[in-house]
Amino acid sequence: MEGTSVATPPRVSLLNASALKCRNNFLVRRRSIPGYLFENTRRNNNAINCVLSQESEGGASVASSSSSSSVDDQGIKIRRRPTSGPPSHAVGPFEFRLQNDGNTPRNILEEIIWNKDVEITQLKEKKPLYSLKKALDTAPPVRDFVGALRSAYLRTGAPALIAEVKKASPSRGVLREDFHPVNIAQAYENGGAACLSVLTDEKYFQGSFENLAAIRRSGIKRPLLCKEFIIDAWQIYYARTKGADAILLIASVLPDADINYMSKIAKKFGLSTLVEVHNESEMDRVLRIDGIDLIGINNRNLETFEVDISNTKKLLEGKRGEIIRQKDIIVVGESGLFTPDDIAYVQEAGVKAVLVGESLVKQSDPGKGIADLYGRNISS
Ligand SMILES: O=P(O)(O)OC[C@@H](O)[C@@H](O)c1c[nH]c2ccccc12
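The chain is annotated in an unreviewed UniProt entry as indole-3-glycerol-phosphate synthase from Papaver atlanticum. Per UniProt, the comment on the chain under Pathway (unreviewed entry) is "Amino-acid biosynthesis; L-tryptophan biosynthesis; L-tryptophan from chorismate: step 4/5." As recorded by UniProt, the Catalytic activity (unreviewed entry) comment attached to the chain reads in full: "1-(2-carboxyphenylamino)-1-deoxy-D-ribulose 5-phosphate + H(+) = (1S,2R)-1-C-(indol-3-yl)glycerol 3-phosphate + CO2 + H2O".

This is the structure we're talking about:
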């Protein structure tokens, strides 16, 4: 359902206004263009904001539309963008708006998503879909991400490693000052990683798409996961043009319809999709979606940053574990893994792969960090 925007006067984006947080819980915005109002009616939060029209002759095209599926019963609490705030009050050159639940992110994940929404809108203007489609023709070929995990697991008998190239995170700050993404990636490849994950979010993780492209250009052979907060199909095209072999979709952010549709776009390109869950209800939702063959269980709650590796075990117990085995889904244990005991614990719980950043990237030799993490050399 499309929201209707206020017809007159014209809208300006929140970004154009310099927002100052001042005492008394007010947001003060200096009005950049006198007489302009901020957009105060927004489209349905959490609905698809960019939908591929049915495959047309010239390939898929992104059309502006929104999902009709109800997201309320999917338990998604993360809102796609701020809802309308209370009416703004003009006082002299300032515009005041009460800070409330609608215009203040409730947690860090929501803040990241709101920021991403603005970021994508700007990037799309610079690189519209038609220009990305052209770039796809010259993008490097896709490598089989899931296949690499399966064969590493068979080869070593230990969970296949997705080693993460990660400079910083909102929860841990800067992990490594002398950060050379290509060197780190090389060390991971030599140390026996099956695949790599490259953070591309700049604002919160100090990553970049340039890092992803540079690693790909460097001749690294391991398949690459583009570690991005995807909320718009445009990002999948963008990731592919930069050399990604896999994408991440986060179930606490995306309704089922988005996961279904975005994973289909990924498949069209030959990309693998890692669908990340954190709790039982997200796992149950994802297990009901057809065609998902790679599920990540994040041990970190992205809303609170709490890490608990027993989360992996909890979500693989009983019926859920059975369905996963029946469907031959590869489960990735994600976050907070530091020791051989941690690896053994999640393997025992049923994972065939792990995603590890901090404990490796902090080592002066990240390749040796892999041997320390597994308690043995997994490179041969
Ligand atoms: O550094 P750690 O604790 O080993 O975690 C790696 C990875 O699991 C974590 O970076 C991650 C998992 N899911 C995410 C989603 C977005 C950003 C980051 C993440």
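Next comes the rest of the description.
So, the packing of aromatic side chains
With the rule as written, the count across this model stands at 4 aromatic pairs. Ring centres of F209 and Y238 lie 4.6 Å apart, and the angle between their planes is 55 degrees; this geometry places the pair in the tilted category. Within this pair, whereas F209 is found in helix α5 (residues 209-217), its partner Y238 is found in helix α6 (residues 233-241), the two being separated by 29 residues in sequence. Consider the rings of Y237 and F269, whose centres lie 5.0 Å apart with planes at 85 degrees: the pair is edge-to-face. Here Y237, found in helix α6, pairs with F269, found in helix α7 (residues 256-269); they are 32 residues apart in sequence, far enough to count as distant.

Side note on the pairing of strand β17 (residues 330-334)
Every other side chain in a regular strand lies on the same face of the sheet, so the side chains alternate between the two faces. Most of β17 sits inside the fold, with 5 of its 5 residues counted as buried. Neither face of β17 is left uncovered, since the one carrying I330, V332 and E334 and the one carrying V331 and G333 both have all their residues buried. As defined by bridge partners, strand β16 (residues 294-298) adjoins β17 across 5 bridges and the pair is classed as parallel. Looking at the pairing, N298 lines up with E334 of β17. Where β17 lies against strand β18 (residues 353-356), 3 bridges are found, and the strand directions are parallel. Looking at the pairing, V332 lines up with A353 of β18.

Considerations on the pattern of salt bridges
Applying the stated criterion across every chain yields a total of 21 salt bridges. Salt-bridge contacts for E210 lead to R217; the nearest nitrogen and oxygen are separated by 2.9 Å. A cluster of three or more residues bridged by salt bridges with shared partners is formed by K116, E119, D201 and E228.

Remarks on the packing of helix α2 (residues 129-136) against α6
Running from amino to carboxyl end, α2 crosses α6 at an angle of 35 degrees, the nearest separation of the two axes being 9 Å. Classified by chirality, the crossing of α6 by α2 is left-handed. Where α2 approaches α6, its residues L129, L132, K133, A135 and L136 are matched on the opposing element by W234, Y237, Y238, R240 and T241. For the contact of α2 with α6, the residue count by class is 7 nonpolar, 1 polar and 2 charged.

A word on the nonpolar core
Core analysis: the largest hydrophobic core is formed by 101 residues, its most contacted members being L149, L161, Y188, L196, M283, V354 and Y374. Once residues within four sequence positions are removed from consideration, L161 is found in contact with A193, A194, C195, V354, V356, L360, I370 and Y374.

Structural notes on helix α13 (residues 366-374)
Every buried residue belonging to α13 is among P366, G367, G369, I370, L373 and Y374, and all of these are buried. Buried residues in α13, looked at end-on, bunch into an arc of 150 degrees, giving them a common side. The secondary structure elements touched by the buried residues of α13 are β9 (160-165), α4 (181-191), α11 (340-349), β18 and α12 (358-361). By the N-cap criterion, in which a side-chain oxygen at the helix start approaches the backbone nitrogen of a residue two or three places on, α13 is capped by D365, the distance to G367 being 2.9 Å. Of the residues flanking the end of α13, it is G375, one or two places downstream, whose phi is positive at about 75 degrees.

What counts, and where the lines are drawn
Residues numbered from 1 in each chain as written. Predicted model: local features only at pLDDT ≥ 70, side-chain atom pairs only at ≥ 80, totals over all residues. Heavy atoms only, no water. UniProt positions renumbered as here; feature names shortened; annotations may be inferred. Phe/Tyr/Trp six-rings, centres within 6.5 Å; stacked < 30°, edge-to-face > 60°. Helix = DSSP H or I, 4+ residues; strand = E, 2+ residues; numbered from the N terminus. Buried < 20%, exposed > 50% of the residue type's maximum accessible area, 1.4 Å probe, protein only. Pairing = 2+ DSSP bridges. Salt bridge = Lys/Arg side-chain N within 4 Å of Asp/Glu carboxyl O. Axes fitted to C-alpha atoms, helices over the stretch in contact; angles between N-to-C directions. Left-handed = near helix turned anticlockwise from the far one by under 90°. Contact = heavy atoms within 4.5 Å. Nonpolar A, V, L, I, M, F, W, Y, C, P; charged D, E, K, R; others polar. Core = buried A, V, L, I, M, F, W, Y, C linked by side-chain atoms within 4.5 Å. Arc of directions from axis to C-beta. Polar contact = N/O pair within 3.5 Å; in protein donor to acceptor, adjacent residues only side chain to side chain.

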